[in-house]
Amino acid sequence: MKRFGRMTLALAGALTLGFASTTYAQTVMRSSISVAQNSHQGVGVDVLAQEVEKRTNGRIIIKNFYSGSLGGERESIESVQLGTQELTGTSTGPIPNFVPAVRILDIPFLFRDKAHARAVLDGPIGDALLKEFESKGFKALAWSENGVRHMTNSKRPVNVPDDLKGLKMRTMENPVHVAAYKGFGIITTPMAFPEVFTALQQGVVDGQENPLSVIMAAKFEQVQKFMTLTAHVYSPAIFLMNKATFDKLSAADKQAFIDAAKIAAKAQRARVDQDDANGVAYLRSKGMNVIENVDKAAFVARLAPVFAQFEKDFGKDKIEAIRNYK
Ligand code: EAX
């Protein structure tokens, strides 16, 4: 038996009620997120666990670990690939290192808004990208959402692209983000999420970028004075499962996981919407200086050379198919 393998427990469910014992096998799986339970991603993995439990009549239980307690996103994805952990909820941050085709989604200013991103992810392009995970040892259950990313820092208000020049910013371990942010003149420092709060607190980096949902869940307002709603990139999220674990399920249980993940994704997106609606007022109430209106076209224009490179590397037709998706 693998040390962290699936645990099959025989439980005498009715014993405590004093009935004749009905013995049934219960499978416990482990899942994780890098952010706190009280967050959009917490809602996602909690709903996924509830729905799977309900749909399998309690035969399959998912135990969730929060706040990176099983490791950051890259480590969790690795564990799911190896099968030492069955599931994880993650942003696409580290995913290009595992499933390169998915990197196209991390291009800045690719989507007009969340509705556009959700339509692409829920349509044929998103479905085709979910299938790309299968040859890498994953069953990708559904796209969910991390949110629209904004910049924060401890040094100065960012009004125009030039204000970003020379800021030392933590980025996700994502090659597309790193290339793009360099285009802004940012000094990029890729780092796993569980290390970010301390790095900001100790001044190892000046800033970071994340959706309002993550900024609030991580309490970054305690260590970041300035935020600008740059909305520079949409950040997808995904529910990943170890492929061998999924393949062993009955057809009905496979469907249970897929249906549960769709419901979980919807709940996670709803929480992102709620956080986007409340986030600015909340963070201001905690003392953050928030710049809401920027000249977006100026930020987009600054990345022209980077976009030209992405078109070459990822295929202009593929990028246009996403941009023009209705
Ligand atoms: O998935 O690493 C990041 O900045 C992610 O947005 C965060 O962990 C939530």
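Within each chain, residue numbers correspond to sequence positions counted from 1 in written order. Where local features are concerned, this predicted model is filtered to residues with pLDDT of at least 70; where side-chain atom pairs are given and counted, the filter is 80 or more; whole-chain, interface and lining totals use all residues. The basis for the side-chain values is all heavy atoms of the structure; hydrogens and waters are excluded.

**A closer look at the overall build of the chain**
Move 1: Here a strand is any run of E in DSSP of at least two residues, a helix any run of H or I of at least four, and the numbering for each starts at the N terminus. Looking only at helices and strands, one finds 12 helices and 10 strands in the chain.
Move 2: For the C-alpha atoms alone, the extent of the chain along its principal axes is close to 70 × 45 × 35 Å.
Move 3: Only protein chains enter the calculation, and the probe is 1.4 Å; a residue is then buried if its accessible area is under 20% of its type maximum, exposed if over 50%, and partly exposed in between. Going through the 326 residues of the chain one by one, you find that 56% of them count as buried.
Move 4: In the chain, once contacts between residues fewer than 6 apart in sequence are set aside, the share between residues at least 24 apart is 73%.
Move 5: Using a 1.4 Å probe, the Shrake-Rupley method yields the accessible areas, and only the shown protein chains count as cover for residues. Accessible surface computed for the chain: about 13900 Å², of which carbon and sulfur atoms make up 53%. Between two residues, a contact is recorded if the distance between any of their heavy atoms is within 4.5 Å.

**Thoughts on the pattern of salt bridges**
It is possible for side chains bearing opposite charge to pair when their charged atoms get close.
Move 1: In what follows, salt bridge is the name for a side-chain nitrogen of Lys or Arg lying within 4 Å of a carboxyl oxygen of Asp or Glu. Taken as a whole and assessed by the stated rule, the structure comprises 19 salt bridges.
Move 2: A salt bridge links arginine 55 to glutamate 51; its shortest N-O distance comes to 3.0 Å. Here arginine 55 pairs with glutamate 51, and both are found in helix H1 (residues 40-55), just 4 residues apart, close to one helical turn.
Move 3: Classification of arginine 55 as partly exposed rests on a relative accessible area of 33%.

**Quick notes on the site of the ligand**
Move 1: Every residue close to the ligand is listed here: Ser34, Val35, Gln41, Glu73, Ser91, Asn146, Arg149, Arg170, Met172, Phe193, Asn210 and Val214.
Move 2: Contacts described as polar in this section are N or O atom pairs within 3.5 Å, which, within protein, must combine one atom able to donate a hydrogen with one able to accept it, while residues neighboring in sequence count only if both atoms come from side chains. Here an oxygen atom of the ligand sits 2.6 Å away from a polar atom, N or O, in the side chain of glutamate 73.
Move 3: The contact in question runs from an oxygen atom of the ligand to an N or O atom on the side chain of asparagine 210, over 2.6 Å.
Move 4: Burial of the ligand by the protein amounts to 99% of the accessible area it has alone, namely 270 Å².
Move 5: Nonpolar residues are Ala, Val, Leu, Ile, Met, Phe, Trp, Tyr, Cys and Pro. Charged residues are Asp, Glu, Lys and Arg, and all others, Gly as well, are polar. Split by residue class, the shell around the ligand holds 4 nonpolar, 5 polar and 3 charged. Throughout this document, a residue counts as near a molecule or strand when at least one of its heavy atoms sits within 4 Å of that molecule or strand.

**A look at the packing of helix H11 (residues 304-314) against helix H12 (residues 316-323)**
For any two helices packed against each other, the geometry comes down to the angle between their axes and how far apart the axes lie.
Move 1: Every axis in this analysis is a line fitted to C-alpha atoms, fitted for helices over the stretch in contact. Angles between the N-to-C directions lie between 0 and 180 degrees. Interaxial distance between H11 and H12 falls to 6 Å at its minimum, and their mutual angle equals 110°. Here H12 runs roughly perpendicular to H11, going by the angle between their axes. The residues of H12 that touch H11, namely those facing Phe307, Phe310, Glu311 and Phe314, are Lys316, Lys318, Ile319, Glu320 and Arg323.
Move 2: Of the residues contributing to the contact of H11 with H12, the split by class is 4 nonpolar, no polar and 5 charged. Roughly parallel covers angles under 35 degrees, roughly antiparallel covers those over 145, roughly perpendicular covers 65 to 115, and oblique covers all other angles.

**Regarding the pairing of strand S4 (residues 87-91)**
Move 1: Taken across its 5 residues, S4 has 5 buried, putting it largely inside the fold.
Move 2: Alternating residues of S4 divide into Leu87, Gly89 and Ser91 and Thr88 and Thr90, and every residue in both groups is buried.
Move 3: Pairing between two strands requires that DSSP report at least two bridges joining them. Where S4 lies against strand S9 (residues 226-242), 5 bridges are found, and the strand directions are antiparallel. Paired with leucine 87 across the two strands is methionine 241, which belongs to S9.

**With respect to the nonpolar core**
Move 1: In this structure, Leu105, Ile107, Phe133, Trp143, Phe184, Leu240 and Phe310 are the most contacted members of the largest nonpolar core, which totals 44 residues.
Move 2: Contributing elements (two or more residues each) for this core: helix H2 (73-82), helix H3 (114-122), helix H4 (124-131), strand S5 (138-153), helix H5 (175-183), S9, H11 and H12.
Move 3: No other element matches S5, which puts 5 residues into this core.
Move 4: Buried Ala, Val, Leu, Ile, Met, Phe, Trp, Tyr and Cys residues form a nonpolar core when they are joined through side-chain atoms within 4.5 Å. Met29, Val45, Val52 and Phe193 belong to the second largest nonpolar core, which has 43 residues in total.

**Observations regarding the environment of leucine 303**
Move 1: For leucine 303, the position within the fold is in the loop between helix H10 (296-302) and H11.
Move 2: A relative accessible area of 0% places leucine 303 in the buried class.
Move 3: A sequence separation of 91 residues divides leucine 303 from leucine 212, and the C-alpha atoms of the two residues are 23 Å apart.
Move 4: Beyond its immediate sequence surroundings of up to four residues, leucine 303 is in contact with Pro108, Phe109, Ala180, Gly183 and Phe184.

**Quick word on the environment of alanine 301**
Move 1: Here alanine 301 lies in helix H10.
Move 2: Residue alanine 301 is classed as exposed on the basis of its relative accessible area, which comes to 51%.
Move 3: A C-alpha to C-alpha distance of 24 Å links alanine 301 and proline 190, two positions 111 residues apart in sequence.

**What about the confidence of the model for the chain?**
Move 1: Per-residue confidence from the predictor is reported as pLDDT, which spans 0 to 100. Looking at the chain, pLDDT values average 94 and 93% of them are 70 or higher.
Move 2: Low pLDDT (under 50) marks residues 1-21, which in the prediction has 35 contacts with non-local residues, meaning those over four places away or in another chain.

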